Amino acid sequence: MSKHISTAYLKRQALFWLGAALIFILFVYVFRSVLLPFVAGLALAYFMDPVADFFERRGLSRMASTIVILLLFVIALVIALAVIVPILITQANDFFSNFPQYVSQLQGLFSRLSLETGWLANYIGINAEDLQGGFNELLKQGAGFLTTLFQGLWSSGKAVIDVAGLLIVTPVVAFYMLLDWDRMVAKIDAWVPRDHVESVRRLGRDINKTIAGFVRGQGTVCLILGTFYAIGLTVTGLNFGLLIGLFAGLISFIPYVGSLVGLVLSVGVAVVQFWPDWISVVMVAAVFFVGQAIEGNILQPKLVGDSVGLHPVWLMFALFAFGALFGFTGLLIAVPAASAIGVLVRFALEKYLDSDLYVGQSEVRAKQTANDE
C-alpha cells in the first residue's frame, strides 16, 4: 500500500512540475514580443546584484547601492549611444555595402596567385578558371543568403524591439529588481514545497553557480576581449576594426568561434586593404593570437574557471532553438536557460542512475537485504 501511495505521490509531483514548466514556456511564448525590456532588466539586476552586495558591505543601504549602480549604468549607456553606437552603425553599413566587393577582390587575388604560381593545378589538381566560376556562384549564393538573413533580422528587430521602450523600461525594471532581489529570492524559497526544499535549493545553487560563472564570468571575458580586439584592430589601421573587434569579442562565449570568425573577417579585409604589405596583415592576425593567449591563460582561469559545464555544441543549439522560438528575446534567455536545463538534466540523470529503473529490482532487494542484516 505504501508503495502505491509513494508511486501516486511521485506521479502527482511530476505532473505538478511538468505543468509549471509548460505554463512558464507558454507564458514566454505568448508574451515574447513584449518581454525584451523585462528580460533585459532582470538580466541587468542579476548581473549587478554582487556589486550591490559589495556596496552594502561597505556601509551603503540597499537603496543607495541600487541608485549608484543604476546611475553609473545610465551614464555608460548614454556615452555608448552618443559615441560608440553611431560609429558602429556607420561601419556596419559600410561593411555590408562593401562586402561583395571585398569577396570579389579576394577571389581575384587568389585566382591570380594560383595562375602565376600554378600551385593549385600542380598540387591539388584543380583548374583556376573552374575554381573561379565555382567561387563566383558561391559568392552569389552567399550574398543572397546574407541579404535575406539581415533583412529578416532587421524586420524582426523592428517588430520586436521598441527602442524607446527598451531604454525607458529596462532601467526601471532593473532598479526595482535590484532593490528587491534578496526579498524576491526569500519569497520564492518560501513557496517551494517543503518536502523538496533542500533539493530545490541545491538545484538553485547549482544553476546560480553555472549562470554566474558563464553570464558574469564569460560576459566579462567577452567585454574585455571585444575591447582588446577593437582597440588592437583600430590601432593597426584596419577598416571596420571597431566593428569586427567588438563582434568577435561578443561571440567569443562560444569557444574558438568568436576568435576564428574575427580572424577570418579581419585578415580578409586586411589582405584586400594592405596587399602586398604582408607585415600589416600579420599584425592584424597577431591581435587575435595575442587575444587568445590572454583569454586562455588569464581571463578564463580567473573569471570563469572550470565550473561552467556548458558544451559549445549545446550552447549553439540553444541559441538557434530559443532564437527560432522566441526571436530576439530568445537569444537573451538562451544561455541562462541552457545553463538551467543542463543542471536539471544532470540532476535527473543522477536520480536515474540511483534508481531501481537503472540498477534493477534484484540489486535493490540485495541492498535492502544487506541493510536489514
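Residues numbered from 1 in each chain as written. Predicted model: local features only at pLDDT ≥ 70, side-chain atom pairs only at ≥ 80, totals over all residues. Heavy atoms only, no water.

Some remarks on the overall build of the protein chain
Here is step 1: Along the protein chain, the regular secondary structure elements total 14 helices and zero strands.
Here is step 2: Starting at the N terminus and ending at the C terminus, the protein chain contains elements arranged as α-α-α-α-α-α-α-α-α-α-α-α-α-α.
Here is step 3: Considering the protein chain as a whole, with its 373 residues, one finds that 31% of them fall into the buried category. (Helix = DSSP H or I, 4+ residues; strand = E, 2+ residues; numbered from the N terminus. Buried < 20%, exposed > 50% of the residue type's maximum accessible area, 1.4 Å probe, protein only.)

Considering helix 10 (residues 257-274)
Here is step 1: In a regular helix each residue adds 1.5 Å, so 18 residues correspond to 26 Å; helix 10 covers 25 Å between its end C-alpha atoms and thus fits that length.
Here is step 2: Those residues of helix 10 not exposed but buried are Gly-258, Ser-259, Gly-262, Leu-263, Ser-266, Gly-268, Val-269, Ala-270, Val-271 and Phe-274. (Expected span 1.5 Å × (residues − 1).)

Side note on the nonpolar core
Here is step 1: Counting residues in each nonpolar core, the largest one holds 23 residues, and the members touching the most others are Leu-233, Leu-238 and Val-269.
Here is step 2: Elements represented by at least two residues in this core include exactly helix 3 (62-117), helix 8 (197-235), helix 9 (241-250), helix 10 and helix 11 (278-304).
Here is step 3: The leading source of residues in this core is helix 11, at six residues.
Here is step 4: In this view, Leu-233 contacts Leu-238, Gly-241, Ile-244, Gly-245, Ser-266, Val-284, Val-287 and Phe-288; residues no more than four positions away in its chain are not counted. (Core = buried A, V, L, I, M, F, W, Y, C linked by side-chain atoms within 4.5 Å. Contact = heavy atoms within 4.5 Å.)

A short note on a nonpolar patch on the surface
Here is step 1: A contiguous nonpolar surface patch, about 650 Å² in accessible area, is contributed by Leu-60, Val-68, Leu-72, Ile-75, Ile-79, Val-83, Ile-84 and Ile-87.
Here is step 2: Of note, Ile-87 is situated in helix 3. (Patch = residues over 30% accessible without salt bridge, like charges linked within 9 Å, V, L, I, M, F, W, Y side chains within 5 Å. Areas by Shrake-Rupley, 256 points an atom, 1.4 Å probe, with all protein chains shown as cover. Salt bridge = Lys/Arg side-chain N within 4 Å of Asp/Glu carboxyl O.)

Some remarks on the packing of aromatic side chains
Here is step 1: In the structure shown here, the tally under the stated rule is six aromatic pairs.
Here is step 2: Judged by centre distance (5.9 Å) and plane angle (55°), the ring pair of Phe-54 and Phe-55 falls under tilted.
Here is step 3: In this structure Phe-54 comes out as partly exposed when scored by relative accessible area, which is 36%.
Here is step 4: Judged by centre distance (5.3 Å) and plane angle (85°), the ring pair of Phe-175 and Tyr-176 falls under edge-to-face.
Here is step 5: Cluster of aromatic residues (ring-pair linked, three or more members): Phe-228, Tyr-229 and Phe-288. (Phe/Tyr/Trp six-rings, centres within 6.5 Å; stacked < 30°, edge-to-face > 60°.)

Side note on the confidence of the model for the protein chain
Here is step 1: Mean pLDDT over the protein chain: 75, with 73% of residues reaching 70 or higher.
Here is step 2: In the model of the protein chain, helix 4 (residues 119-124) stands out as the element of lowest mean pLDDT, 50, in contrast to helix 9, which has the highest, 86.
Here is step 3: Low pLDDT (under 50) marks residues 1-5, which in the prediction has zero contacts with non-local residues, meaning those over four places away or in another chain. (pLDDT = per-residue confidence, 0-100.)

Section: the pattern of salt bridges
Here is step 1: Here the structure, examined in full by the defined rule, presents nine salt bridges.
Here is step 2: Note that Arg-62 and Asp-53 form a salt bridge whose closest N and O atoms lie 2.9 Å from each other.
Here is step 3: By relative accessible area, Asp-53 is classed as partly exposed at 21%.
Here is step 4: Taken together, the shared-partner salt bridges in this structure form one network comprising Asp-49, Asp-53, Glu-56, Arg-62 and Asp-182.

Comments concerning the packing of helix 9 against helix 10
Here is step 1: Here helix 9 crosses helix 10 at 165°, and the two axes come no closer than 7 Å. Looking at the two axes, helix 9 sits roughly antiparallel to helix 10. Here helix 9 runs over helix 10; the crossing is right-handed. Across the interface between the two elements, Ile-244, Phe-247 and Ala-248 from helix 9 touch Gly-258, Val-261, Gly-262, Leu-265, Ser-266 and Val-269 from helix 10.
Here is step 2: Classifying every residue of the contact of helix 9 with helix 10 gives six nonpolar, three polar and no charged. (Axes fitted to C-alpha atoms, helices over the stretch in contact; angles between N-to-C directions. Parallel < 35°, antiparallel > 145°, perpendicular 65-115°, else oblique. Left-handed = near helix turned anticlockwise from the far one by under 90°. Nonpolar A, V, L, I, M, F, W, Y, C, P; charged D, E, K, R; others polar.)

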